[in-house]
Amino acid sequence: FDHYFLDAAVNCNLYQDVTACQILANLCVLTMYDKLHIACVLFMETASAIETVSRSFANWKQSMPFLFYSDHSILSSTALSSSISNIKLDDKLHIMLVKYSMNGSLIATHAL
């Protein structure tokens, strides 16, 4: 944790470096989204300072991972709507385990 935190915190906060912000977000996730932990606090502060949004979500900031809902009204948004069709009751759900490095790079995929 400490190995990644300082570099990610500085580069995400000062330069909005995408990789650094991904690492900072992953560190926040490792704290179980603890909004009082410094990794999450810094992530939220950095995100709130960015004005440009993604996908019409007010709290999904450009170049930042989406971690937190600002309020529950966003749950009814249709900005990311999708539909699923042609599903039969006897179809199987195939689960894929995907492994990423701390900086967000894909490491491997495994069918479960």
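Residues numbered from 1 in each chain as written. Predicted model: local features only at pLDDT ≥ 70, side-chain atom pairs only at ≥ 80, totals over all residues. Heavy atoms only, no water.

Further remarks concern the nonpolar core. Within soluble globular proteins, side chains that are nonpolar tend to cluster in buried spots. Counting residues in each nonpolar core, the largest one holds 21 residues, and the members touching the most others are Phe 5, Leu 24, Phe 43 and Met 64. At the level of secondary structure, the elements contributing two or more residues to this core comprise helix 1 (2-15), helix 2 (18-30) and helix 3 (38-49). What Phe 5 contacts, discounting residues up to four positions off in sequence, is Leu 24, Leu 27, Ile 38, Ala 39 and Leu 42. (Core = buried A, V, L, I, M, F, W, Y, C linked by side-chain atoms within 4.5 Å. Buried < 20%, exposed > 50% of the residue type's maximum accessible area, 1.4 Å probe, protein only. Helix = DSSP H or I, 4+ residues; strand = E, 2+ residues; numbered from the N terminus. Contact = heavy atoms within 4.5 Å.)

Let us look at the state of the cysteines. What the rule picks out here adds up to 2 disulfides. Residue Cys 12 pairs covalently with Cys 21 via a disulfide, S to S 2.1 Å. Its S-S torsion of about 100° marks the bond between Cys 12 and Cys 21 as right-handed, since a negative value means left-handed. By relative accessible area, which is 0% here, Cys 12 ends up buried. Across the disulfide from Cys 28 sits Cys 40; the S-S distance is 2.0 Å. Disulfide Cys 28-Cys 40: the torsion about the S-S bond is 105°, which places it as right-handed. Pair noted here: Cys 28 is in helix 2 and Cys 40 is in helix 3, with a separation of 12 residues, a long-range link. (Disulfide = S-S within 2.5 Å.)

Next up on the list: unusual backbone geometry. Positive phi outside glycine occurs at Gln 16, with the angle close to 50°. Mapped onto the fold, Gln 16 is located in the loop between helix 1 and helix 2. One non-glycine residue with positive phi stands out, namely Met 32, at about 65°. By secondary structure assignment, the location of Met 32 is in the loop between helix 2 and helix 3.

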